Amino acid sequence: ARAPLRPGAVEPAALATLEGGAVPEQKRKLLLDERVEVFLWQPAAGSDGDSKGQVYHSFEINYDGVALAFRSQFGGPKDFEWDADGACAVRTQELAVGWGDTSSPVPAAGPGDLPQRKRIVFAEISWQALGFDTSREIRVGLHRAEYPAPGAWPEHPGVLSW
């Protein structure tokens with residue numbers, strides 16, 4: 001995998017053009033980070049799986065726990081002015097991962113080895129703040145973004161499955 005671009009190596013004028021200049025200045029560099037993207041929506045009643053025009057909420061969260069939040073409609077522009085306060089709380093923590101009764105990031109532990117420490121990012125989403133009715137279906141899409149792309153793009157990218 002290639003290392004992410006250092007934001008300082010990118011001209012501020014280039015960052016200003018992201019999403020047509022709509023990304024808030026203090027969050028632009030986040031789009032150059034490795035991050036996880038969380039997409040949440042509640043299908044409209046009777047939509048029969050067609051999401052075009054429906055509202056979704058997105059939280060793009062980097063390893064530092066910084067989130068870029070926006071609201072949009074499938075097939076429409078992104079609203080970076082959306083007030084996401086109270087909709088998502090993020091924290092990070094360094095945790096030992098692996099061995100014993102948990103999954104291991106390495107094949108086996110040797111005598112005296114300590115479990116690997118990993119930075120874990122936690123995001124708490126408030127369904128109420130998003131206006132979701134928890135008695136109805138809620139859809140979640142997850143994507144781990146790495147920029148630049150770690151390898152060749154597939155000739156025919158797959159369709160997201162829900």
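Residues numbered from 1 in each chain as written. Predicted model: local features only at pLDDT ≥ 70, side-chain atom pairs only at ≥ 80, totals over all residues. Heavy atoms only, no water.

1. Some thoughts on the overall build of the protein chain
And then number 1: A tally of helices and strands in the protein chain yields 2 helices and 7 strands.
And then number 2: Each helix and strand of the protein chain, placed in order from N terminus to C terminus, yields the pattern α-β-β-β-β-β-β-α-β.
And then number 3: Evaluated residue by residue, the protein chain yields a buried proportion of 26% over its 162 residues.
And then number 4: The long-range share in the protein chain, meaning contacts at least 24 apart out of those at least 6 apart in sequence, stands at 57%.
And then number 5: Roughly 10800 Å² of accessible area belongs to the protein chain as shown, and the carbon and sulfur atoms make up 51% of that amount. (Helix = DSSP H or I, 4+ residues; strand = E, 2+ residues; numbered from the N terminus. Buried < 20%, exposed > 50% of the residue type's maximum accessible area, 1.4 Å probe, protein only. Contact = heavy atoms within 4.5 Å. Areas by Shrake-Rupley, 256 points an atom, 1.4 Å probe, with all protein chains shown as cover.)

2. A closer look at the side chain of histidine 57
And then number 1: Note that histidine 57 resides in strand β2 (residues 55–62).
And then number 2: Those residues in contact with histidine 57 that lie beyond four places of it in its chain are Val38, Phe39, Leu40, Phe70, Arg71, Trp82, Leu130 and Phe132.

3. Thoughts on the packing of aromatic side chains
And then number 1: Scanning all chains against the criterion turns up 7 aromatic pairs.
And then number 2: Between tryptophan 41 and phenylalanine 74, the ring centres sit 5.0 Å apart and the planes meet at 75°, which makes this aromatic pair edge-to-face. Note that tryptophan 41 is positioned in strand β1 (residues 35–41) and phenylalanine 74 in the loop between β3 (67–73) and β4 (78–79), a separation of 33 residues in sequence.
And then number 3: Each ring, one from tyrosine 56 and one from phenylalanine 70, has its centre 6.3 Å from the other, and the planes form 75°; the classification is edge-to-face. (Phe/Tyr/Trp six-rings, centres within 6.5 Å; stacked < 30°, edge-to-face > 60°.)

4. A few points about the confidence of the model for the protein chain
And then number 1: Confidence in the prediction for the protein chain averages 78 pLDDT; 74% of positions are at 70 or higher.
And then number 2: Here residues 156–162 is a poorly scored stretch, pLDDT under 50, and it has 3 contacts once near neighbours within four places are set aside; other chains count. (pLDDT = per-residue confidence, 0-100.)

5. Some words on the nonpolar core
And then number 1: Core analysis: the largest hydrophobic core is formed by 11 residues, namely Val38, Leu40, Phe59, Ile61, Ala67, Ala69, Trp82, Ala84, Ala87, Leu130 and Phe132.
And then number 2: Elements with a minimum of two residues in this core: β1, β2 and β3. (Core = buried A, V, L, I, M, F, W, Y, C linked by side-chain atoms within 4.5 Å.)

6. So, the pattern of salt bridges
And then number 1: As enumerated under the stated definition, the model contains 6 salt bridges in all.
And then number 2: Linking arginine 35 and glutamate 37 is a salt bridge whose minimum nitrogen-to-oxygen distance equals 3.1 Å.
And then number 3: For glutamate 37, a relative accessible area of 9% gives the class buried.
And then number 4: The partner of arginine 139 in a salt bridge is glutamate 137, and the shortest N-O contact between them spans 2.9 Å.
And then number 5: Three or more residues joined by partner-sharing salt bridges are found here, namely Arg35, Glu37 and Glu60. (Salt bridge = Lys/Arg side-chain N within 4 Å of Asp/Glu carboxyl O.)

7. Some remarks on the side chain of glutamine 54
And then number 1: With respect to the element layout, glutamine 54 can be found in the loop between β1 and β2.
And then number 2: By relative accessible area, glutamine 54 is classed as buried at 10%.
And then number 3: Setting aside residues up to four positions removed in sequence, glutamine 54 forms contacts with Trp41, Gln42, Pro43, Ala44, Ser47, Ser72, Gln73 and Phe74.

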